[in-house]
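Residues per chain, in single letters:
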Amino acid sequence: MISFEPSEDQQLILGTVADFTRASVAPRAREVEGARAVSDDVRRAVAEMGLGAAHVPEALGGQGLGLLTAALINEELGFGDAATCFGLPAFGSFSYAVLELASEEQARALLAPLCDPSRGDAFASVAWSERAVNRERAGFTTLATPVDGGFELTGRKCFVQNVELAERFVVFAQVEAERGWDGLGAFVVSKGDAGVSVGERHRTLGVDCGNFAELGLEKVRVASSERLMGGSDFTRATLRFFAKYSLIVAARQVGLGRAAFDVAREYCDIRKAFGKPIGHFQAVAFTLADRHMDVESAREMVRRAAWMWDAGKDDAACLLATAHAAAHAHEVAMRAADDAVQLHGGAGFMRDVIVEKMMRDAKQMSLVGMTPEQLDQLAARITTGQPLDAGAVLPTPETQAIFT
Ligand SMILES: Cc1cc2nc3c(=O)[nH]c(=O)nc-3n(C[C@H](O)[C@H](O)[C@H](O)COP(=O)(O)OP(=O)(O)OC[C@H]3O[C@@H](n4cnc5c(N)ncnc54)[C@H](O)[C@@H]3O)c2cc1C
């Protein structure tokens, strides 16, 4: 018998998260947007409940509840306010990178602050993206040059989440220039390391509490012990990291899609035209029915992919299910929010109505980590039996020409 129904334990956690979301996340979505930050009390409450450590194995200090539980938690929080997730410590991509790339000993040390229920401020981030420049070779412009006892990192990273708040970063850099995308490495850099600087914070369309800025690295010394090797296949480990974090973002998109659908359905019931609720007109009713189908399908696909990872299914099968689920969830969230705005008419465009914010957040989330196009590219490569070369399936790090 196949079942994606949450277990009793998962239902208990979900009940707690749903109550918390209703009381402290959804009603404060506008406050978070205005402050461009999640408040301390919410961060602390999330840390105390251990929500950011659900997927971290018990042996590494986490709750050992797996990716599916993490996806369920993220969906529920995303239902309240998906943007808030990006301003919570331990909800960024750092733990997913560490779990795939670090040794057990490294992971235990790196994840300890994120798993500590007394820490509502344990931010850590991944620095992957960088400015686009014209160059001849493939790979990163950020270089990791071997020096005595370790490496020296130099470069600039873009769009890094929570840079101002993060204590630590996993920084991707080019170790062997001649090997292109196959010559990458990952290193742990601390905020206090000599040569680390933080750029000016960007203003973003949605998810602005994510606190995005550049991370500068000028001859930053990193010990060999701070290099994350990614087991026997670094590219595959990096791909698993991106895929799993994409699935978590997709779960937030499902939550957002559910919320947008609920708000739209309610509005279509109370707004009347020609003596009946607009939801009773066929064109509107079909739109609602389609969006409902969208959200339900994305939800099942995300849950199934997360369950597959937890069940230890074959890597390629998990990557394919994840690529399908995440690409679909991004599109579903955007359609749900877009239609919710449309069905509200002119009111949908006003800042008083939450759907306009959902539309902005959904768009921004589809540009986190692997975009829908990159997820499609991954799925296509697996489906057609092509090799999963790093340069073809990892997100391109070079970012928009506006920064060149
Ligand atoms: C909310 C948010 C949080 C982020 N957090 C971080 C962070 O913490 N750390 C960090 O390093 N970066 C972060 N980023 C940056 C993010 O990883 C990139 O924006 C994302 O990978 C897309 O890359 P890009 O902007 O360079 O777009 P590009 O790669 O320039 O893509 C441009 C367009 O081309 C498409 N495209 C690109 N490659 C392919 C392909 N192979 N096949 C088909 N289409 C393709 C894309 O889908 C997109 O539509 C964040 C971004 C956002 C919006």
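Predicted model, so just to flag it, every value in this text is computed and none were measured.

Draft legend 1. Inspection of the overall build of the protein chain at higher detail. When its secondary structure is counted, the protein chain shows 12 helices and 12 strands. Taken over the C-alpha atoms alone, the protein chain extends approximately 80 × 50 × 50 Å along its principal axes. Classification of the 404 residues of the protein chain by burial places 56% in the buried group. Partitioning the intrachain contacts of the protein chain with sequence separation of at least 6 by distance along the chain shows that 73% fall at a separation of at least 24.

Draft legend 2. Representation of unusual backbone geometry. Located in the positive-phi region is Asn 162, a residue other than glycine, with phi close to 50 degrees. With respect to the helices and strands, the residue Asn 162 is situated in the loop between strand E4 (150-160) and strand E5 (168-174). In this structure, Lys 219 is a non-glycine residue whose phi angle is positive, near 50 degrees. Tracing the sequence through the fold places Lys 219 in strand E8 (residues 213-223). Judged by relative accessible area, which is 53%, Lys 219 ranks as exposed.

Draft legend 3. Structural detail: the pairing of strand E3 (residues 143-147). Bridge analysis of E3 against E4 gives five bridges, and the strand direction is antiparallel. Note that in E4 the partner of Thr 145 across the bridge is Glu 152.

Draft legend 4. Focus on the site of the ligand. Around the ligand lies a shell of 22 residues, among which Val 126, Trp 128, Ser 129, Thr 371 and Glu 373 are the nearest. Gln 374 places a polar side-chain atom, nitrogen or oxygen, 3.3 Å from a nitrogen atom of the ligand. Contact with the protein chains covers 76% of the free accessible surface of the ligand, which is 970 Å². Secondary structure elements with two or more residues in the shell around the ligand: strand E1 (124-127), E4, helix H11 (372-383) and strand E12 (398-399). When residues of the shell around the ligand are sorted by domain, at least three fall in each of domain 2 (125-228) and domain 3 (234-395).

Draft legend 5. The arrangement of the side chain of His 328 in detail. Looking at the secondary structure, you find His 328 in helix H9 (residues 315-343). Setting aside chain neighbours within four positions, we find His 328 in contact with Asp 294, Ser 297, Ala 298, Met 301 and Arg 335.

Draft legend 6. Molecular detail of the environment of Val 147. For Val 147, the location among the structural elements is in strand E3. It is 9.2 Å that separates the C-alpha atoms of Val 147 and Ala 223, two residues lying 76 residues apart in sequence. Not counting chain neighbours up to four residues away, the residues in contact with Val 147 comprise Glu 152 and Arg 221.

Draft legend 7. View of helix H3 (residues 40-49). For H3, every residue scored as buried is listed here: Val 42, Arg 43, Ala 45, Val 46 and Ala 47. Phi turns positive one or two residues past the end of H3, at Gly 50, with a value near 70 degrees.

Draft legend 8. Layout of the packing of aromatic side chains. In the structure shown here, the tally under the stated rule is nine aromatic pairs. Centroid distance Phe 140 to Trp 181: 6.1 Å. Interplanar angle 75 degrees. Geometry classified as edge-to-face. Of this pair, Phe 140 sits in the loop between strand E2 (130-131) and E3 while Trp 181 is found in the loop between E5 and strand E6 (184-190), placing the two residues 41 residues apart along the sequence. Trp 181 shares its class with Phe 140; the two are buried. On the basis of an interplanar angle of 10 degrees and a centroid distance of 6.3 Å, the ring pair of Phe 172 and Phe 241 is categorised as stacked. Of this pair, Phe 172 sits in strand E5 while Phe 241 sits in helix H7 (residues 234-270), and the two are 69 residues apart along the sequence.

Draft legend 9. Molecular detail of the domain arrangement of the protein chain. With domains assigned, the protein chain is organised as domain 1 (8-119), domain 2 (125-228) and domain 3 (234-395). Its C-alpha centre places domain 1 at a distance of 20 Å from the equivalent point of domain 3. Counting residues at the interface gives 26 residues for domain 1 and 34 residues for domain 3. Of the roughly 2,600 Å² buried between domain 1 and domain 3 on both sides combined, carbon and sulfur atoms contribute 64%. Ranking the residues of domain 1 by area buried against domain 3 places Arg 30, Glu 75 and Glu 100 at the top, with a combined share of 25%. In this structure, the connection of domain 1 to domain 3 is made through nine salt bridges. Of the charged contacts in the structure, one is a salt bridge between Glu 356 and Arg 30, with a shortest N-O distance of 2.8 Å. Along the contact surface separating domain 1 from domain 3 lie 14 residue pairs in polar contact (both at pLDDT 80 or more). When residues of the side of domain 1 that touches domain 3 are traced back to their parent elements, those giving at least two are helix H2 (29-35), helix H4 (66-85) and helix H5 (94-101).

Draft legend 10. Main features of the packing of H9 against H11. Two numbers describe how H9 lies on H11: the axes approach to 9 Å, and their chain directions differ by 150 degrees. Crossing handedness for the pair H9 and H11: left-handed. Seen from H9, the contacting residues are Ala 316, Leu 319, Leu 320, Ala 323, His 324, Ala 326, Ala 327, His 330 and Glu 331; seen from H11, they are Pro 372, Leu 375, Asp 376, Leu 378, Ala 379, Ile 382 and Thr 383.

What counts as what
- Residues numbered from 1 in each chain as written.
- Predicted model: local features only at pLDDT ≥ 70, side-chain atom pairs only at ≥ 80, totals over all residues.
- Heavy atoms only, no water.
- Helix = DSSP H or I, 4+ residues; strand = E, 2+ residues; numbered from the N terminus.
- Buried < 20%, exposed > 50% of the residue type's maximum accessible area, 1.4 Å probe, protein only.
- Contact = heavy atoms within 4.5 Å.
- Pairing = 2+ DSSP bridges.
- Near = heavy atom within 4 Å.
- Polar contact = N/O pair within 3.5 Å; in protein donor to acceptor, adjacent residues only side chain to side chain.
- Areas by Shrake-Rupley, 256 points an atom, 1.4 Å probe, with all protein chains shown as cover.
- Domains from an automatic or database assignment.
- Phe/Tyr/Trp six-rings, centres within 6.5 Å; stacked < 30°, edge-to-face > 60°.
- Buried area = accessible area lost by both parts, 1.4 Å probe.
- Salt bridge = Lys/Arg side-chain N within 4 Å of Asp/Glu carboxyl O.
- Axes fitted to C-alpha atoms, helices over the stretch in contact; angles between N-to-C directions.
- Left-handed = near helix turned anticlockwise from the far one by under 90°.

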